[in-house]
Amino acid sequence: MKIFRNKPRNNLYEPQKQVKDIQNKKISITLSENLVDLYTLFTHTPDLIVRHLDIQKSGEKAILIYLAGLTNSDAIHDHILRPLIYGDEDKENPNLPISIGHIESSNDWKALENSILQGKSVLLVEGRDNAMIFDTQGWPQRAIEDPQLEASLKGAHQGFGETGSKNIALIRRYIPSRELKIKEATVGRRGKCKVSILYLEDVAHPEVLQELEDRIRQLDVDTILNAGELEEFIEDNSYSPFPQFISTERPDAAASHILQGRFAVMVDGSPAVLIAPVTLIAFFQNVDDYSSRLLAANFIRQLRCSAFFVAIFLPALYISLISFNYELIPVKLLLNIGKYRAEVPFPPLIEAFIMEMSLEMLREAGVRLPAPIGQTVGIVGAIVIGQAAVQAGIVSNMMIIVVASTAISSFIIPNHDMSAAIRLLRFPMMLIASLFGIVGIVVGLITLIGHLISLESLGTPYSSPFAPVHFSDWKDGFFRVPLWKMKHRPVSTRAIQAKKQGSNHPQGDDK
């Protein structure tokens, strides 16, 4: 079998040249010529539907073009084909009796091609040099469901889907205001992906909006398939382990951020919505914090903040105490640890790496397997492997406790991206602790703080309100005050309308 490589074949480029020529030309008044151009653009496209028909009212010949599967067949049949074929009267449109909602016209083949690929229908009429474009989009989509990664006890049980228009409608349910504005951009050369930016015009800062728009419009890629890809293209620092956008599938959470003066970025086809600009403390806030009792909400938020440090530093602290600073351990506990450590042939760093990597493998296996099997594998696997590892003398009992406490702490973090960043950070901390002990942990902590201070999200300091210091934002930081005391929006959002409640509210006249 011969494989031919790097041999130029000029005939492969002829169809591409023909396609470009057609995209740059206008449609013809002759249907036969338009059909030739259409089939040149859409070759090997079995789902392309070309319906020939005679318009009953005028006697003109026409063709209706659309892609099966991307259109609403009921809308095409009831509101386009039936009126045209049977001549149903429509007083508002006496020329063509079509009762579809949104109708456009164009004579550019490039625009017609994009419309067909977006799920719209195109009508070409003999003798007319422009085509009619009907909004008949209706691709397969799932029903509104409860988000799997952002469960809420007292919040709404509905999440975003893969259809941009429905996601925007969910936001409008929470913010029925004329100030809610939407800016749209199309990203991608090969696949036209629609990106929408939602914000409150009288609240959001225009400079931040301009920066966000510029980053999106400057993208030159084939297409954007999901919000995660867009996030990596437009974030400030792609090499930072910390996420600079909040990714949420909850409409109530997105609406809350928009009301604070932030921006929601929607990618058509993705159920995740990006929120920016954000700060570190925003990843430890949850919708339930504002619907629960004050003391209970503050207690849970303190648990999350404590879990952040436990998940990063607990294995490193254990390694440093066992390897370097064992004089800090009480004598009875030290003797007990030493009794079990005497049977372990590995140093604490290798012992910790074995258990941490085993835990990460179990976690990933539980995610990829079907839900009932995944839970069983996660629970049974952890018990069996942990017990077997202790009995085999590979790890000590204390290491099992440390690893389990670390895993539980990472589960408490409400944001998945932040939880993943914490899981990554514990490994370099373990390494530096095995080399320098507690001094290494302190150096690692200082490095981590320095990185957080230098990090930005759309030009907004990531460590705000602590660096730079904004005491007014401390009302909703590591703990929150009663809602009636939070009268202003966070300074970090740079909102041009700072006040959000009270007798002097800027929108008081509209109430």
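Data block above holds the structure.
Let me begin by describing the structure that accompanies this report. Since the model is a prediction, treat every value here as computed from it, not as a measurement.

1. Here's the deal with helix α11 (residues 348-368)
The α-helix winds at 3.6 residues per turn, so residues separated by three or four positions along the chain end up facing the same way.
Then comes step 1: If you check α11, its first and last C-alpha atoms are 30 Å apart, about what 21 residues at 1.5 Å a residue would give, namely 30 Å.
Then comes step 2: Among the residues making up α11, those that are buried are P348, L349, E351, A352, M355, E356, L359, E360, L362 and R363. For α11, the arc enclosing every buried residue in end-on projection is 165 degrees, short of the 170-degree limit, so these residues lie on one face. Projecting away from the buried face of α11 at angles above 90 degrees are the exposed residues M361 and R368.

2. Here we look at the sheet that holds strand β3 (residues 103-106)
Then comes step 1: With antiparallel pairing, the five strands of this open sheet are ordered in space as β1-β2-β4-β5-β3. At either margin of the open sheet sits one strand with a lone partner, and together these are β1 (48-54) and β3. On average, each strand axis in the sheet is tilted by 25 degrees relative to the strand beside it, whichever way the strands run.
Then comes step 2: Strand direction decides the pairing type here: β3 and strand β5 (residues 131-134), joined by four bridges, are antiparallel. Bridge assignment links S105 to a residue of β5, and that residue is M132.
Then comes step 3: Each of β1, β2 (61-67), β4 (121-125) and β5 is contacted by helix α3 (residues 73-86), which is oriented at about 30 degrees to β1, the strand it contacts most.
Then comes step 4: This element, helix α4 (residues 109-117), spans β1, β2, β3, β4 and β5 of the sheet and lies at about 140 degrees to β4.

3. A word on the pattern of salt bridges
Then comes step 1: Scanning the entire structure with this criterion turns up 23 salt bridges.
Then comes step 2: Put simply, E179 and R178 hold a salt bridge, and the shortest N to O gap is 3.9 Å.
Then comes step 3: Judged by relative accessible area, which is 15%, E179 ranks as buried.
Then comes step 4: The partner of R301 in a salt bridge is D289, with the nearest N and O atoms 3.1 Å apart. Pair noted here: R301 is in helix α9 (residues 294-323) and D289 is in the loop between β10 (273-276) and α9, with a separation of twelve residues, a long-range link.
Then comes step 5: For D289, a relative accessible area of 2% puts it in the buried group.
Then comes step 6: Salt bridges sharing common partners tie together E356, E360, R363, R423 and R426.

4. Quick look at the layout of surface pockets
Then comes step 1: In this structure, the second largest pocket spans a volume of roughly 1,200 Å³.
Then comes step 2: Residue lining of the second largest pocket: 37 residues in total, with L117, Q118, G191, K192 and C193 positioned closest to the centre.
Then comes step 3: Those elements that provide at least two residues to the lining of the second largest pocket are α1 (13-23), α4, α5 (164-174), β6 (180-187) and β7 (193-200).
Then comes step 4: For the lining of the second largest pocket, the class distribution of residues is ten nonpolar, 15 polar and twelve charged.

Cut-offs and rules
Residues numbered from 1 in each chain as written. Predicted model: local features only at pLDDT ≥ 70, side-chain atom pairs only at ≥ 80, totals over all residues. Heavy atoms only, no water. Helix = DSSP H or I, 4+ residues; strand = E, 2+ residues; numbered from the N terminus. Expected span 1.5 Å × (residues − 1). Buried < 20%, exposed > 50% of the residue type's maximum accessible area, 1.4 Å probe, protein only. Arc of directions from axis to C-beta. Pairing = 2+ DSSP bridges. Axes fitted to C-alpha atoms, helices over the stretch in contact; angles between N-to-C directions. Contact = heavy atoms within 4.5 Å. Salt bridge = Lys/Arg side-chain N within 4 Å of Asp/Glu carboxyl O. 1 Å grid on protein atoms, 1.4 Å probe; cavity = no way out; pocket = protein on both sides within 12 Å on 5 of 7 lines; lining within 4 Å. Points joined across faces, edges and corners; volume = space filled by probe spheres on them. Nonpolar A, V, L, I, M, F, W, Y, C, P; charged D, E, K, R; others polar.

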